[in-house]
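# Inside the fold
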Amino acid sequence: MKLKSLLYAAVIGVMSLSSCSDFLDKIPDNRVDPQTPEQLLLMLVDGYSYANYAKYCEYSSDNIVDNTSPDRNGMRYNLQGLGKLEDEMFAWEDAKSDDGQDSPSMIWEGAYHAIAVANHVLEKIDLWEKQGRKFEGTEKEMLDAAYGEALMVRAYNHFILVNIFAQHYRSDELSANDPGIPYVTVPEKQVVVKYERQSVAEVYKLIEKDLVEGLPYVSDLHYERPKYHFNKRAAYAFATRFYLFKRDYEKVEKYASLILGSTPEQMMRTYWGKNYVSLDASVQAYIDSQSPSNLMLLTTYSTYWRAMITGNRYTVNREPAFGTIFGTGPTWNTFNFHPCYLGKLYVCGGQEYGLWYPKVYELFEYSDKVAGIGFIHIVRTEFTTEEVILSRAEARIFMGDLEGAVADMRVWDNSRQKLPASFKFSTLTSDIIKSFYDKEAWGDKYRENDPRPEVFKTLHIDEITPSDKYSVTPEIEPYLYCVLHFRRIENLFDGGRWFDVKRYGIEYEHKIGRDRVEFLSKLDPRRALQIPSEVISAGIEPNNRMNVVSRFTSPSGYMKYTGSIK
């Protein structure tokens, strides 16, 4: 099959190393042919995706509702989204109405652009090695750093692509026939290149190969702004997330501990304990590169903020709001929302939804101030110590270290209790977890502002990614509910919840408009979001997203739609 070049931007703007004629062997003036390790590091500044996958993943998850659908009281609003793309995202349909910001096309292109840059760097290093070039001292350190960073960039961008556009990794055997994505390891030098989709199992093997090879070479030196690169701790955070997804919990513990050290409480975010004079000051404090919590930052193009503010059709509202920003919790069960959001949460009274700004607030870069035009940026906190400590807590739960897991979750919880004002919190303990997350004692009764109807969704991780060593048992289930609740709060607005619902096989429905309901089952083919339409047109095999289910009425009284989803 043939794939129309989606990597051309990196190829044209980076370098040309070989060609098929004497004329093409001459590097044009606008090409860069790096001659030193320092120049390789400078090239890798362009080796990070400019796309933001948060909106696509959030709309696909159970964090968003359609405000034009009736709530429990039959109330609905006559609202519009930004465009057809939002409707397609929320309904798990093929998102093909727009190829601009926040679209599958931009996610795909941005990731492969970064991969192309990494591949050019790696090819240059390989060429120098074949030529027998030797580097000493600082130059050798820079060469090693460039090699490690390029491998991390290549591995991580393939990791994001396969977890968005394919089914979740199950095992080498069960994922052997699940279509993944092309794992590209050489620079693209032709207008049309033949690519094949490798299986999810094959892609994971290649990711792990690059990850393991690159880790020893990653360096914190030689960068003016190391938090915008794969520094050492960011690389360990990637390893932590990768092995969490594979259910290799011993390695999750290993790499998370390399980051957190013996005093993880000192690495948590101090953002919650301060008042800010302005919204901009609040955002800047959250994305501060000096914060020990922020392990890696990415500058992306995104209109996500405008989608949440303008139109307001798809928002964090109703049950998802109770499960995140508005609900009670094990140590803040006397409040209708977590007090950490006090003064930091925007609430729209008309539609009763909340928006916490720092993860979606746009930073506008003017290209022409007179004309008022420019580029919309959102800075992603791609890896944080909060995610890392919750990942380690989850791993410890499965490994039977419940005391260690509670200690980790307590560190996360305590960091959000350090507030400017005085509030009375409980201290997180095993007894509090077992009491608050007791599914049997709770029953089916609905209570206002309580997250537990959202929290107590059945966990199917043992069916999604079976393990001979680990399984969900009644003993550890309350702890898993707790850590997933905390992860959902922590990852709100950045897309991380979508990966959690995929790997746990969490089932839920999206109510759409007056009477349409779409239900996502644990092995639903629509969990593999469709690859971009222009990539399909170029010859890459699309995802098979047929979803045929018998028509029946859902427990909430809605009729579930059936048929083919293409």
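Further up the page is the structure itself.
Summary of the structure given here.

### Some details on the overall build of the protein chain
For the protein chain, the count of helices and strands is 21 helices and 11 strands. For the protein chain, the proportion of its 566 residues judged to be buried stands at 57%. Taking the contacts inside the protein chain whose residues are at least 6 apart along the sequence as the reference set, 73% of them involve residues at least 24 apart. Of the roughly 23300 Å² of accessible surface on the protein chain, 50% is carried by carbon and sulfur atoms.

### Looking at the environment of Ser-219
Structurally, Ser-219 is set in the loop between helix H7 (200–214) and helix H8 (232–246). Its relative accessible area of 15% is what places Ser-219 among the buried residues. Setting aside chain neighbours within four positions, we find Ser-219 in contact with Ala-145, Phe-230 and Asn-231. At a separation of 3.0 Å, a polar atom in the side chain of Ser-219 contacts the main-chain amide nitrogen of Leu-221.

### With respect to the packing of aromatic side chains
Applying the stated rule across the entire model yields 44 aromatic pairs. Centroid distance Trp-272 to Tyr-341: 5.7 Å. Interplanar angle 85 degrees. Geometry classified as edge-to-face. Separated by 69 residues along the polypeptide, Trp-272 in the loop between helix H9 (249–260) and helix H10 (279–286) and Tyr-341 in the loop between helix H12 (318–322) and strand S6 (345–348) bring together distant segments of the chain. Of the residues examined, Trp-272 reaches a relative accessible area of 3% and is grouped as buried. The residue whose ring lies beneath Arg-247 is Phe-398, and the NZ or CZ to ring-centre distance is 4.8 Å. Over the ring of Phe-436 we find Arg-452, and its NZ or CZ is 4.0 Å from the ring centre.

### Some words on the packing of helix H5 (residues 104–131) against helix H6 (residues 137–165)
Running from N to C, H5 and H6 point in directions that differ by 150 degrees, and their axes come no closer than 9 Å. Taken together, the axes of H5 and H6 lie roughly antiparallel to each other. The handedness of the crossing between H5 and H6 is left-handed.

### Quick word on the environment of Gln-290
In this structure, Gln-290 sits in the loop between H10 and strand S4 (294–301). When its relative accessible area of 66% is taken as the criterion, Gln-290 is described as exposed. Remark: the alpha-carbon pair of Gln-290 and Lys-227, spanning 63 residues in sequence, is separated by 8.4 Å.

### Focus: the nonpolar core
Counting residues in hydrophobic clusters, the biggest one holds 160 residues, and the most contacted among them are Phe-230, Phe-238 and Met-409. Residue contacts for Phe-230: discarding those within four places in its chain leaves Tyr-48, Glu-149, Met-152, Val-153, Tyr-156, Val-218, Ser-219, Ala-235, Phe-238, Met-296 and Phe-383.

### Structural notes on the sheet that holds strand S8 (residues 363–368)
Hydrogen bonds between backbone atoms are what pair the strands of a sheet, whose relative direction is either parallel or antiparallel. On the basis of which strands lie adjacent, the open sheet formed by 3 strands has the order S4-S9-S8 and antiparallel pairing. Each having just a single partner strand, S4 and S8 make up the two edges of the open sheet. Each neighbouring strand pair of the sheet contributes to a mean axis angle of 30 degrees, computed without reference to strand direction. For S8 and strand S9 (residues 373–384), the ladder comprises 5 bridges, and the chain directions are antiparallel. Counted as the bridge partner of Asp-368 is Ile-373 from S9.

### Some thoughts on the side chain of Asn-231
For Asn-231, the position within the fold is in the loop between H7 and H8. Taking relative accessible area as the criterion, Asn-231 reaches 6% and is therefore assigned buried. There is a polar contact of 3.2 Å between the side chain of Asn-231 and the backbone nitrogen of Arg-233. Side-chain polar atoms of Asn-231 contact the backbone nitrogen of Ala-234, separated by 3.0 Å. In this view, Asn-231 contacts Val-218, Ser-219, Asp-220, Pro-226 and Leu-295; residues no more than four positions away in its chain are not counted.

The rules we used
In this numbering scheme, every chain counts its residues from 1 along its sequence in written order. For this predicted model, a pLDDT threshold of at least 70 governs which residues receive local features, and a threshold of 80 or more governs which side-chain atom pairs are given and counted, while totals over whole chains, interfaces and linings are taken from all residues. In computing side-chain properties, one takes all heavy atoms of the structure into account and sets aside hydrogens as well as water. Helix and strand assignments follow DSSP, with helices taken as H or I runs no shorter than four residues and strands as E runs no shorter than two, numbered in order from the N terminus. For every residue, the accessible area obtained with a 1.4 Å probe (protein chains only) is divided by the maximum for its type, and the residue is called buried under 20%, exposed over 50%, and partly exposed between those limits. We call two residues in contact when some of their heavy atoms are within 4.5 Å. Values of accessible area rely on a 1.4 Å probe in the Shrake-Rupley scheme; residue burial ignores everything except the protein chains shown. By the criterion applied in these results, polar contacts are pairs of N or O atoms within 3.5 Å in which, for protein atoms, one can donate a hydrogen and the other can accept it, and in which residues neighboring in sequence qualify only through two side-chain atoms. Stacked, tilted and edge-to-face pairs are distinguished by plane angle, under 30 degrees for stacked and over 60 for edge-to-face with tilted covering the rest, among Phe, Tyr and Trp rings (Trp via its six-membered ring) whose centres lie within 6.5 Å. Put simply, a charge is over a ring when the Lys NZ or the Arg CZ is close to the ring centre, within 6 Å, and near the line of the ring normal, within 35 degrees. All axes here are fitted lines through C-alpha atoms, helices being fitted over the stretch that makes contact, and every angle between N-to-C directions spans 0 to 180 degrees. By definition in this entry, angles of less than 35 degrees are roughly parallel, angles greater than 145 are roughly antiparallel, angles of 65 to 115 are roughly perpendicular, and the rest are oblique. Helix crossings are classified by the rotation of the near helix relative to the far one: an anticlockwise turn of less than a right angle makes the crossing left-handed, while a clockwise turn makes it right-handed. Each nonpolar core is a collection of buried residues, namely Ala, Val, Leu, Ile, Met, Phe, Trp, Tyr and Cys, held together in the definition by side-chain atoms within 4.5 Å. At least two DSSP bridges between two strands are required for those strands to pair.

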